[in-house]
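Spelled out from the first residue to the last, the chains are:
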Amino acid sequence: TDHVYHDLFGAGAHLRHLGRLQGQADHASLTFRKAVFIDTTSPFWAGLALFNYKYPCQPNSGLHQFRDFVLQRFGVERKIIGNEPNRKKTLTFLVRTNYQPHARSNGRTDRQIEDIDADAEYLRRQYPDYHVVVASFEKISFVEQLRVVAQTDFLVAVHGAGNMHIIFLPDNSKFLEYVPQGFEQRTRFKFISRCLNIKYESKRAVVTQKFNDRKISVSIQTD
């Protein structure tokens, strides 16, 4: 089990509202050795929370600083794309596998690739200049996930929260997001890619099955 928050920031308190400490003699003043503050009034973060991506990227959004802090804390370096022109580039096909994140979960992962081998072979045909690697993050540690992404030239994945890993991609990398029907308005990863100098593209994922719990399986083979 990973303890990512503890590994990043060490032991400490999670303060939801600093105002609750007012009037407490023992906490009249606070001193932080390390702290992360997010300005939720910033157009960048407000837009990200509300699916409202009309704002331009802001150099002071904190996104670059957070990325660099996490990579430094775990000792992971991002690849510099272009330094090895004769090396075959890496395409990472990020897939989901079933797991149970909490007791209420039935263990089935939403938007799962129905036939991973077939879709990986499809990518090899589509992108013969790349070495295609299939990766699933459910069974590896967070630092291993960082290492995979930081050495990726081209990331391919179906729309989902796990795609926040794009913030750790190298500069000038590519991200291809397959989006199932009904998710077209969720364009946060396009927005983040633009902010981080990542070449973004989206294509439609084909829904192959619908389950009683409203989850689906998909394929990326669209032709």
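All values derive from a computational prediction rather than experimental measurement.

Reading the values: rules and limits
Residues numbered from 1 in each chain as written. Predicted model: local features only at pLDDT ≥ 70, side-chain atom pairs only at ≥ 80, totals over all residues. Heavy atoms only, no water. Salt bridge = Lys/Arg side-chain N within 4 Å of Asp/Glu carboxyl O. Core = buried A, V, L, I, M, F, W, Y, C linked by side-chain atoms within 4.5 Å. Buried < 20%, exposed > 50% of the residue type's maximum accessible area, 1.4 Å probe, protein only. Helix = DSSP H or I, 4+ residues; strand = E, 2+ residues; numbered from the N terminus. Phe/Tyr/Trp six-rings, centres within 6.5 Å; stacked < 30°, edge-to-face > 60°. Pairing = 2+ DSSP bridges. Axes fitted to C-alpha atoms, helices over the stretch in contact; angles between N-to-C directions. Contact = heavy atoms within 4.5 Å. Lys, Arg positive; Asp, Glu negative; His and termini not counted. Polar contact = N/O pair within 3.5 Å; in protein donor to acceptor, adjacent residues only side chain to side chain.

A.B. asks: Would you explain the pattern of salt bridges in this entry?
C.D. replies: Oppositely charged side chains can pair when the atoms bearing their charge come close. The final tally for this structure, using the stated rule, is 8 salt bridges. Across the pair aspartate 110 and arginine 111 runs a salt bridge whose closest N-O atoms are separated by 3.4 Å.

A.B. asks: How should the nonpolar core be read in this particular structure?
C.D. replies: Side chains of a nonpolar character, in soluble globular proteins, are inclined to be buried together. Formed by 25 residues in total, the largest nonpolar core has its most connected members in Phe74, Leu146, Ile166, Phe168 and Phe175. Per-element accounting of this core gives the leading share, 5 residues, to helix 5 (residues 142–150).

A.B. asks: Teacher, can you tell me more about the packing of aromatic side chains here?
C.D. replies: The relative placement of two aromatic rings is captured by the distance of their centres and the angle of their planes. Throughout the structure, instances matching the rule amount to 6 aromatic pairs. Between phenylalanine 74 and phenylalanine 142 the ring centres are 5.5 Å apart and the planes differ by 70°, which places this aromatic pair in the edge-to-face class. Taken together, the residues span a long stretch of sequence, with phenylalanine 74 in helix 3 (residues 63–74) and phenylalanine 142 in helix 5 at a distance of 68 residues. Assessed through its relative accessible area of 18%, phenylalanine 74 is described here as buried. Ring geometry for tyrosine 130 against phenylalanine 154: centres 5.4 Å apart, planes inclined by 65°, an arrangement best described as edge-to-face. One end of the pair, tyrosine 130, is in strand 3 (residues 130–136); the other, phenylalanine 154, is in strand 4 (residues 154–158), and 24 residues separate them in sequence. Here tyrosine 130 falls in the buried class, since its relative accessible area comes to 13%.

A.B. asks: I would appreciate a short explanation of the sheet that holds strand 5 (residues 174–179) in the present structure.
C.D. replies: Strand pairing within a sheet occurs via backbone hydrogen bonds; the two strands may be parallel or antiparallel. Reading across from one edge, 3-1-4-5-6 is the order of the 5 strands in this open sheet, with parallel pairing throughout. Both edges of this open sheet fall to strand 3 and strand 6 (199–204), since each of them pairs with a single strand only. Neighbour-to-neighbour, the strand axes of the sheet open up by a mean angle of 20°, direction not taken into account. Where strand 4 meets strand 5, 5 bridges bridge the pair, whose relative direction is parallel. Bridge assignment links alanine 157 to a residue of strand 5, and that residue is glutamate 177.

A.B. asks: So what exactly am I meant to see when it comes to the pairing of strand 7 (residues 206–210) here?
C.D. replies: Every other side chain in a regular strand lies on the same face of the sheet, so the side chains alternate between the two faces. Inspection of the sheet shows strand 7 paired to strand 8 (residues 216–219) by 4 bridges, in the antiparallel sense. Residue valine 207 lies in a different strand from strand 8, and its bridge partner there is valine 218. From the end of strand 7 to the start of strand 8, which pair antiparallel, there are 5 residues, and arginine 214 there has a positive phi angle of about 75°.

A.B. asks: Could you clarify how one ought to interpret the sheet that holds strand 7 in this entry?
C.D. replies: Pairing is mixed in the open sheet, where 3 strands are placed in the order 2-8-7. Where the open sheet ends on each side, the last strands, each with one partner, are strand 2 (112–113) and strand 7.

A.B. asks: Please clarify how the side chain of threonine 109 should be interpreted in this entry.
C.D. replies: With respect to the helices and strands, the residue threonine 109 is situated in the loop between strand 1 (89–95) and strand 2. In contact with threonine 109, other than residues within four places in its own chain, are Arg96, Thr97, Asn98, Tyr99, Lys215 and Ile216.

A.B. asks: Quick question: what am I supposed to make of the side chain of arginine 96 here?
C.D. replies: Assignment of secondary structure puts arginine 96 in the loop between strand 1 and strand 2. The side chain of arginine 96 sits in the buried core without any salt bridge; glutamate 138 is the nearest counter-charge, 5.8 Å away. A polar atom in the side chain of arginine 96 sits 3.2 Å from the backbone oxygen of arginine 111. For arginine 96, the side chain forms a polar contact with the main-chain oxygen of histidine 159, separated by 2.9 Å. Discounting chain neighbours no more than four positions away, the residues touching arginine 96 are Thr109, Asp110, Arg111, Gln112, Glu138, Val158, His159, Gly160 and Ala161.

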